[in-house]
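Residue-level structure breakdown
Here are the chains, one letter per residue:
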Amino acid sequence: MTPRSFLLTPELADYVRASSERPDDVAADLLAETAAMADRGEVPPTFQIAPEQGTFMQLLTRALGVRRAVEIGTFTGYSALCVARGLPDDGSLLCLDTSEEWTAVARRYWARAGLADRIELRLGDAHESLRALPAVQTFDLAFVDADKTGYADYVDQLHPRMTDGGVVLLDNTLRNGRVLDPQNDDDRALVELNAALAADPRWETVLLPLSDGLTMLRRR
Ligand SMILES: C[S@@+](CC[C@H](N)C(=O)[O-])C[C@H]1O[C@@H](n2cnc3c(N)ncnc32)[C@H](O)[C@@H]1O
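What you see is a predicted model, and the numbers here were worked out from it, not measured in a lab. (Residues numbered from 1 in each chain as written. Predicted model: local features only at pLDDT ≥ 70, side-chain atom pairs only at ≥ 80, totals over all residues. Heavy atoms only, no water.)

1. Some words on the pattern of salt bridges
If charged atoms from side chains of opposite charge come close, those side chains can pair. The line we're drawing: Only one rule defines a salt bridge in this text: a Lys or Arg side-chain nitrogen within 4 Å of an Asp or Glu carboxyl oxygen. Helix numbers and strand numbers start at the N terminus; a helix is a DSSP run of H or I with at least 4 residues, a strand a run of E with at least 2. Only protein chains enter the accessibility calculation, which uses a 1.4 Å probe. A residue is then buried if its area is under 20% of the maximum for its type, exposed if over 50%, and partly exposed in between.
Considering all chains together, one arrives at 17 salt bridges under this definition. A salt bridge links Asp156 to Arg202, with the shortest nitrogen-to-oxygen separation between them at 3.0 Å. With Asp156 in helix α7 (residues 151-158) and Arg202 in the loop between α8 (185-198) and β6 (203-208), this residue pair connects regions lying 46 residues apart in the sequence. Judged by its relative accessible area of 40%, Asp156 is partly exposed. Here Arg202 falls in the partly exposed class, since its relative accessible area comes to 26%. Through salt bridges that share partners, Asp156, Asp200 and Arg202 make up one connected network.

Here you go:
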């Protein structure tokens, strides 16, 4: 099954995609390979972002003139491919993930897209990798899509490392609708974080109902 915005019917999801720029052959093959891995039970079926979210993130990266970006939670590399595509030739994307196996798939597609020289992958716990980075304003864009109970720490760690006006995107902030009736620790962590961010003076905040909820924070 292809990932889709959870509030859309399959027909509306198809319409949304048909009305947006289409993934090219490399992105389409990566989406298909990841879907096949999910069908074989090798990876969770809900990990990858929806194609329309990828298109949005590519456009946003370009529209904001992002030069340096960081991604927390890379998996098979689709969201990173989209962000890297939106960067200028001398731009860079730092990807943080624990999985050598899943990111090996990512590396293949980044190379095929001619983007390998724009992307640096660091394997290991992203909390530690982030903490090891100098606490100076570095990134214009950050995308967070890893352990949900760790989002609050990621947001705190990212704040000093974002440039003025820099944007942080947080994925899955609607938890497939369960924010209204939290069922597990991940849901509860996001409910708590969503409430805290709405009142956090460090950021301008909007929760967009795109895909599974995409919160956009702009550093004041
Ligand atoms: C939902 S997937 C990311 C999907 C990816 N953004 C995409 O669109 O294809 C979550 C990823 O976070 C990674 N992850 C989970 N906890 C982590 C941690 N503490 N540090 C680094 N990576 C982590 C997992 O290995 C997994 O690849």
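2. Considerations on the pairing of β6
To be explicit about the condition: Being paired, for any two strands, means DSSP has found at least two bridges between them.
The sheet contact formed by β6 and strand β7 (residues 214-219) spans six bridges and is antiparallel. Paired with Glu204 across the strands is Arg218, a residue of β7. Here β6 folds back onto β7, and the loop between the two strands holds five residues, one of which, Ser211, carries a positive phi near 55 degrees.

3. Considering the site of the ligand
To keep it simple, the criterion reads: The cutoff for a nearby residue is simple: one of its non-hydrogen atoms must lie within 4 Å of the molecule or strand. Each polar contact in these results corresponds to two N or O atoms within 3.5 Å; when the atoms are within protein, one needs to be able to donate a hydrogen and the other to accept it, and residues that are neighboring in sequence are counted only if both atoms are side-chain atoms. Under the convention used here, a 1.4 Å probe and the Shrake-Rupley method define accessible areas, while residue burial counts only the protein chains that appear. Only protein atoms enter the calculation, which uses a 1 Å grid: trapped sets of points that fit a 1.4 Å probe without letting it out are cavities, open sets showing protein on both sides within 12 Å along at least five of seven lines are pockets, and any residue with an atom within 4 Å of a point is a lining residue. Grid points define the cavity or pocket, and a molecule sits in it when more than half of its atoms lie within 2 Å of them. As a working rule, the residues Ala, Val, Leu, Ile, Met, Phe, Trp, Tyr, Cys and Pro are called nonpolar, Asp, Glu, Lys and Arg charged, and the rest polar, with Gly in that last group.
Around the ligand sit 20 residues in total, of which Ser79, Asp97, Asp125, Ala126 and Asp145 are the nearest. Take Asp97: an N or O atom from its side chain is 2.7 Å from an oxygen atom of the ligand. For the ligand, an oxygen atom lies 3.4 Å from a polar atom in the side chain of Thr98. Look at the ligand: alone it shows 610 Å² of surface, and the protein chains cover 90% of it. Cavity membership is defined here by more than half of the atoms lying within 2 Å of grid points; on that basis the ligand lies in the largest pocket. A breakdown of the residues in the shell around the ligand according to their chemical character gives nine nonpolar, seven polar and four charged.

4. Topic: the packing of helix α2 (residues 25-39) against helix α5 (residues 100-112)
We count it as follows: Axis angles are defined between N-to-C directions and span 0 to 180 degrees, where every axis is a line fitted to C-alpha atoms and, for a helix, only to the segment in contact. By definition in this entry, angles of less than 35 degrees are roughly parallel, angles greater than 145 are roughly antiparallel, angles of 65 to 115 are roughly perpendicular, and the rest are oblique. Left-handed describes a crossing in which the near helix is turned anticlockwise from the far one by less than a right angle; the clockwise case is right-handed. Two residues form a contact once any of their heavy atoms are found within 4.5 Å.
Packing of α2 against α5 brings their axes to within 10 Å, and their N-to-C directions diverge by 160 degrees. Classified by the angle their axes make, α2 and α5 are roughly antiparallel. In this structure, the crossing between α2 and α5 has a hand that is right-handed. Where α2 abuts α5, its residues Asp25, Val26, Asp29, Leu30, Glu33 and Met37 lie against Trp102, Val105, Arg108, Tyr109 and Arg112.

5. A short note on the side chain of Thr215
Note that Thr215 resides in strand β7. At 3.0 Å, the side chain of Thr215 and the side chain of Thr173 are in polar contact.

6. Considerations on unusual backbone geometry
One non-glycine residue with positive phi stands out, namely Asn172, at about 65 degrees. When you line up the elements, Asn172 lands in the loop between β5 (162-171) and α8.

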